[in-house]
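# Secondary and tertiary structure notes
Take a look at the letters that make up each chain.
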Amino acid sequence: MTVLTSTARKRRRTTLIGWSFILPNFIGFAALTLVPVVAALALSFMEWDSYSSPEWVGLANFERMWNNANFWVALKNTCFYALGHIPLTLVAALGFAMLLNRPLRGVGLFRTALFFPYVTSLVAVAVVWNMLFSPDLGPINQFLRAIGIDNPPGWTTSSDWSMAAVVLTSVWRDMGYYMVLYLAGLQTIPPELYEAAKVDGAGAWARFRNITLPSLRPTTFFVVIMLTISSFKVFDLVQVMTEGGPGRSTLVLSQLIFREGITQGRFGYSSAISMVLFVIVLLVTLIQFRIQQRSER
Amino acid sequence: MTRHLMKGVAAVAALLMVTTACGGGSDEARKTADGKDILSISVWNYEQTPEFKALFDAFEADNPTIDIQPVDILADDYSDKVTTMLAGGDKTDVLTMKNVTDYARYGTRGQLTDLTETVNGLPKDSYLGLDAFDLDGKYYALPYRQDFWVLYYNKKLVGDADLSNLTWAEYAALAKSKTNGDGAEKVYGSYQHVWRSVVQAIAASQTGGDQLGGDYAWMTDQYTMTLDLEKAGAIMPWGTANSQKVTYDSQFSTGKAALLPMGAWYSARLIADKAAGKHDVDWGVAPLPQTAKGAGVKTFGSPTAFAVNKNARNAAAAKTFVEWASGEKGATAVAKIGIYPSFTNDAVLAAYAGVAGMPTDDVAKKAFAPDSVMLEMPVSDKSSDVDQILKEEHELIMSGEKTIPDGIKEMGDRVKNEVG
């Protein structure tokens, strides 16, 4: 009996100590993230201008969203951005990591250079890339003309190309960070595997497919999750580079949320859009987890 | 074990007290160390907007017991920032109303103090732009500045052309004839900034078109003229100006453009920068070109105003300031640095014309006394939604993505469907 109570007490004690360790962090999380998220969920069923008291409107906000062209345009643009940003960044990051994982003179310099965009101020990045993309005077189009393309795209001034310009800029900015993650992943692969494969006569491509890629699976999983989340909530780059324009060609969901909420003061409606964005990200992430689990089996 | 638990609880309680204490704050009026009442006023780009300092210095000289503390906000973020501040119950005493659309929103939400009684005691005829602050018979702000658009010109580049009575067709012909050079040496006949107002508000003020109406055929001529100038190479392409984030000042004050339709506020900047040796352009001011000859000078603009926050800590001093700034003394203070005030009488106008460097010739006089000044964007609860649509379609027309008729039709369709 005494033994039992003492283990129960011990267990309770361990639990409490555990709680006390996470408590400081949890208070911050609860006050700054959890409460606002729950509030947003409630607000998405209300109408609120941030000043008068909120009014319950049921599903009206979601109905409005369903019938609003801006929402569909923003959703389509966000998906388009994600479909461009995720694979391109992934491939670029992995490619550079492979290149810079071999003994090479000045490898530190190259690694730093590639990581540099990530620590550069985003506003500066957006403004400078905007200038590079300038249709008449920008170096990109001057280069394209020099190699014989007479009608280079209008980039940020053209609704067909503006999202491509944003995607290219974001890939350039983010690839350094994910490259570092991949570099760390590559260093954990035991060299014996490659040696054994070589002895067995495996070529470079076979080694990459059968050793590198499978060994990097946990890293890739993490990178894909992070890229997905960051793609769907993209805001700052678009806001500075194109402000959603020309027209609505680069309007993304977070921008619509910002516009409807902060600018127009329709916090209920903008919370409803946030909820949709949240559900999309959640679903995509869950699917990725499921795929990861299956491939581990 | 209980001792540990108690310690933990105490620590958490202490932490909570610290964090919640930050949210508090007293409602009482604050004072400086030497006993002056502190009056906080929200402003934008304080360093680059000399009118604020001019007003505050003059007011403090008149009211030695009050110390003004500006709350400086980035101009581009001003609306969003003030909206967020007010939503959070901010207690800044005086709020500068950068545009009338935001004012209408704050006013109807009950975030500003009612100043109707004060307004009813004023000589309303002496105030330009006061009507814009009439929200169903109630006033929540008093204007201190009235901007309207004029045509700036570079005397050296324009030569002796008569600018006193231009139509837009004559303006276009002039701009084409004054364009020359190539590459980095190119001088454009005119510079038209990327804002939608440069086309749309001008057209609205001169054709009588309604920007909230949902039918925008009246913009056609102004768009045709603008795109034709762009095609002829007489103005910088919209796409270049937009992607390079070109500022109008960088074009006009460096002599890269001979003409520039712009707000009267730009005079103050030209004068101040010239005095500081930043440019040496010999510039003049002419009336905005017109759609038709002989119909008088029709232009557009917007008033800027001060309002008293409903949560003001120091409401009495705030009210004193708002009234002072919009009245003759405030008007004189801003007129003296080349800003056109809302309140005008002979003395104020003389102070304005007397600013060193201000053009005073007959053409300038005509430009500074327009026959009608239409509000840049009509005030309504739909204004900001319509504004967004008009801006997006403007971008598409100007970047050549849509033809003028298609763009104008799309504007109308979207305004009818999305704003309704």
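Worth saying up front: this structure is predicted, and the values here are computed from it rather than measured.

### Some remarks on the overall build of chain A
Scanning chain A from terminus to terminus reveals 13 helices and two strands. Over its C-alpha atoms, taken along the principal directions, chain A stretches across nearly 70 × 65 × 30 Å. Across the 297 residues that make up chain A, the buried fraction comes to 41%. Counting only contacts in chain A whose residues sit at least 6 apart along the sequence, the fraction spanning at least 24 positions is 65%. Here chain A has roughly 16800 Å² of accessible surface; of this, 69% comes from carbon and sulfur atoms. Distance between charge centroids for chain A: 14 Å, based on 23 positive and 15 negative side chains.

### Examining the domain arrangement of chain B
A common measure of how large an interface is: the accessible area buried when the components associate. Residue and element names in this part refer to chain B. You can read the domains of chain B as domain 1 (37-147 + 302-344) and domain 2 (149-300 + 374-419). Using C-alpha coordinates to define each centre, domain 1 is positioned 28 Å away from domain 2. The interface of domain 1 with domain 2 comprises 13 residues on the first partner and 10 residues on the second. In this assembly, domain 1 packs against domain 2 so that about 940 Å² is buried in total across both faces, 68% of it on carbon and sulfur atoms. Contact with domain 2 buries area across many residues of domain 1, yet Thr101, Asp147 and Ser302 alone supply 44% of it, more than any other trio. Connecting domain 1 to domain 2 are zero salt bridges.

### Some remarks on the packing of helix α10 (residues 217-232) of chain A against helix α13 (residues 267-296) of chain A
Residues and elements named next belong to chain A. Running from N to C, α10 and α13 point in directions that differ by 170°, and their axes come no closer than 10 Å. As the angle between them shows, α10 and α13 are arranged roughly antiparallel. Residues Arg217, Phe221, Val224, Ile225, Thr228, Ile229 and Phe232 of α10 form the contact with α13, whose participating residues are Leu277, Ile280, Val281, Val284, Thr285, Gln288, Phe289, Gln292 and Ser295. Across the contact of α10 with α13, the residue classes break down as 10 nonpolar, five polar and one charged.

### Description of the interface of chain A and chain B
Contacts between the two partners involve 35 residues from chain A and, on the opposite side, 31 residues from chain B. Summing the contributions of chain A and of chain B, the shared interface buries around 2800 Å²; its carbon and sulfur component is 49%. Taken as a group, A:Tyr51, A:Thr157 and A:Gln264 account for 20% of the area that chain A buries against chain B, more than any other trio of residues on that side. Summed over the shared surface of chain A and chain B, the number is four salt bridges. Salt-bridge contacts for A:Arg259 lead to B:Glu392; the nearest nitrogen and oxygen are separated by 3.2 Å. On inspection of chain A and its partner chain B, the count reaches 12 residue pairs in polar contact (both at pLDDT 80 or more). Breaking the side of chain A that touches chain B down by element, the ones donating at least two residues are α1 (2-43), α3 (69-99), α5 (122-132), α11 (236-241) and α12 (253-263) of chain A.

### Regarding unusual backbone geometry
Of note in this structure, A:Trp155 is not a glycine but carries a positive phi near 45°. Its place among the elements puts A:Trp155 in the loop between α6 (139-146) and α7 (162-187). A relative accessible area of 8% places A:Trp155 in the buried class. Look at B:Asn45: it is not a glycine, yet its phi comes out positive at around 35°. Along the chain, B:Asn45 falls in the loop between β1 (37-44) and α2 (50-62).

### Remarks on the sheet that holds β1(B)
Residues and elements named next belong to chain B. Strand order in the open sheet made by the five strands is β2-β1-β3-β12-β6, with mixed pairing throughout. Of all the strands in the sheet, the pair left with one neighbour each is β2 (66-73) and β6 (141-146). Neighbour-to-neighbour, the strand axes of this sheet turn through a mean angle of 25°, independent of strand direction. In the sheet, β6 pairs with strand β12 (residues 303-308) via five bridges, with the strands oriented antiparallel. Bridge assignment links arginine 145 to a residue of β12, and that residue is threonine 304. Each of β1, β2, β3 (94-97), β6 and β12 touches helix α13 (residues 315-326); the most contacted strand, β12, lies at about 160° to it.

### Digging into a positive patch on the surface
Judged by side-chain charge, A:Arg9, A:Lys10, A:Arg12 and A:Arg13 come together as a positively charged surface patch. You can see A:Arg13 is positioned in helix α1.

### As for helix α9 (residues 204-215) of chain A
All names here are of chain A. Counted at 1.5 Å a residue, the expected span for α9 with its 12 residues is 16 Å, and the 15 Å between its end C-alpha atoms agrees. For α9, the set of buried residues is Arg207, Phe208, Ile211 and Thr212. For α9, the arc enclosing every buried residue in end-on projection is 120°, short of the 170-degree limit, so these residues lie on one face. Facing away from the buried surface of α9 by more than 90 degrees, the exposed residues are Trp205 and Asn210. Of the surrounding elements, those touching the buried residues of α9 are α3, α7 and α8 (191-199).

### With respect to the domain arrangement of chain A
Partitioning chain A into domains gives domain 1 (2-43) and domain 2 (70-296). Using only C-alpha atoms to locate each centre, domain 1 of chain A and domain 2 of chain A end up separated by 36 Å.

### Description of the pattern of salt bridges
All names here are of chain B. In this structure the tally under the stated criterion is 25 salt bridges over all chains. With a closest N to O distance of 2.9 Å, arginine 414 and glutamate 418 form a salt bridge. A residue pair is termed a helical-turn pair when its members lie 3 or 4 positions apart in one helix, as arginine 414 and glutamate 418 do in helix α18 (residues 404-419) at four residues.

### A short note on the packing of aromatic side chains
Residues and elements named next belong to chain B. A full pass over the atoms with the stated rule returns 41 aromatic pairs over all chains. Look at tyrosine 46 and phenylalanine 56: their rings are 6.2 Å apart centre to centre, the planes differ by 20°, and that puts the pair in the stacked class. Within this pair, whereas tyrosine 46 is found in the loop between β1 and α2, its partner phenylalanine 56 is found in helix α2, the two being separated by 10 residues in sequence. Exposure class is identical for tyrosine 46 and phenylalanine 56. Each is buried.

### Some points on the environment of A:Glu47
All names here are of chain A. Locating glutamate 47 in the fold gives a position in strand β1 (residues 46-47). Sequence separation between glutamate 47 and phenylalanine 267 is 220 residues; the distance between their C-alpha atoms is 7.0 Å. Contacts of glutamate 47, omitting those with residues within four sequence positions, involve Pro54, Glu55 and Val57.

### Description of the sheet that holds strand β8 (residues 188-190) of chain B
Residues and elements named next belong to chain B. Reading across the sheet, the four strands line up as β8-β9-β7-β10 and stay open at both edges, with mixed pairing between neighbours. The strands lining the two open edges of the sheet, one partner per strand, are β8 and β10 (283-286). Strand-to-strand twist in this sheet, taken as the mean axis angle between neighbours without regard to direction, amounts to 30°. Along the sheet, helix α7 (residues 168-177) makes contact with β7 (149-154), β8 and β9 (257-263), crossing β9 at roughly 140°. Contacts from helix α12 (residues 266-275) reach β7, β9 and β10, with the element oriented near 170° to β10.

### Overview of the side chain of B:Thr167
You can see B:Thr167 is positioned in the loop between α6 (155-158) and α7. Other than its neighbours up to four places away in sequence, B:Thr167 contacts B:Pro289, B:Gln290 and B:Lys293.

So, how was this worked out
- Residues numbered from 1 in each chain as written.
- Chains lettered and ligands numbered in written order.
- Predicted model: local features only at pLDDT ≥ 70, side-chain atom pairs only at ≥ 80, totals over all residues.
- Heavy atoms only, no water.
- Helix = DSSP H or I, 4+ residues; strand = E, 2+ residues; numbered from the N terminus.
- Buried < 20%, exposed > 50% of the residue type's maximum accessible area, 1.4 Å probe, protein only.
- Contact = heavy atoms within 4.5 Å.
- Areas by Shrake-Rupley, 256 points an atom, 1.4 Å probe, with all protein chains shown as cover.
- Lys, Arg positive; Asp, Glu negative; His and termini not counted.
- Charge placed at Lys NZ, Arg CZ, Asp CG, Glu CD.
- Domains from an automatic or database assignment.
- Buried area = accessible area lost by both parts, 1.4 Å probe.
- Salt bridge = Lys/Arg side-chain N within 4 Å of Asp/Glu carboxyl O.
- Axes fitted to C-alpha atoms, helices over the stretch in contact; angles between N-to-C directions.
- Parallel < 35°, antiparallel > 145°, perpendicular 65-115°, else oblique.
- Nonpolar A, V, L, I, M, F, W, Y, C, P; charged D, E, K, R; others polar.
- Polar contact = N/O pair within 3.5 Å; in protein donor to acceptor, adjacent residues only side chain to side chain.
- Pairing = 2+ DSSP bridges.
- Patch = residues over 30% accessible without salt bridge, like charges linked within 9 Å, V, L, I, M, F, W, Y side chains within 5 Å.
- Expected span 1.5 Å × (residues − 1).
- Arc of directions from axis to C-beta.
- Phe/Tyr/Trp six-rings, centres within 6.5 Å; stacked < 30°, edge-to-face > 60°.

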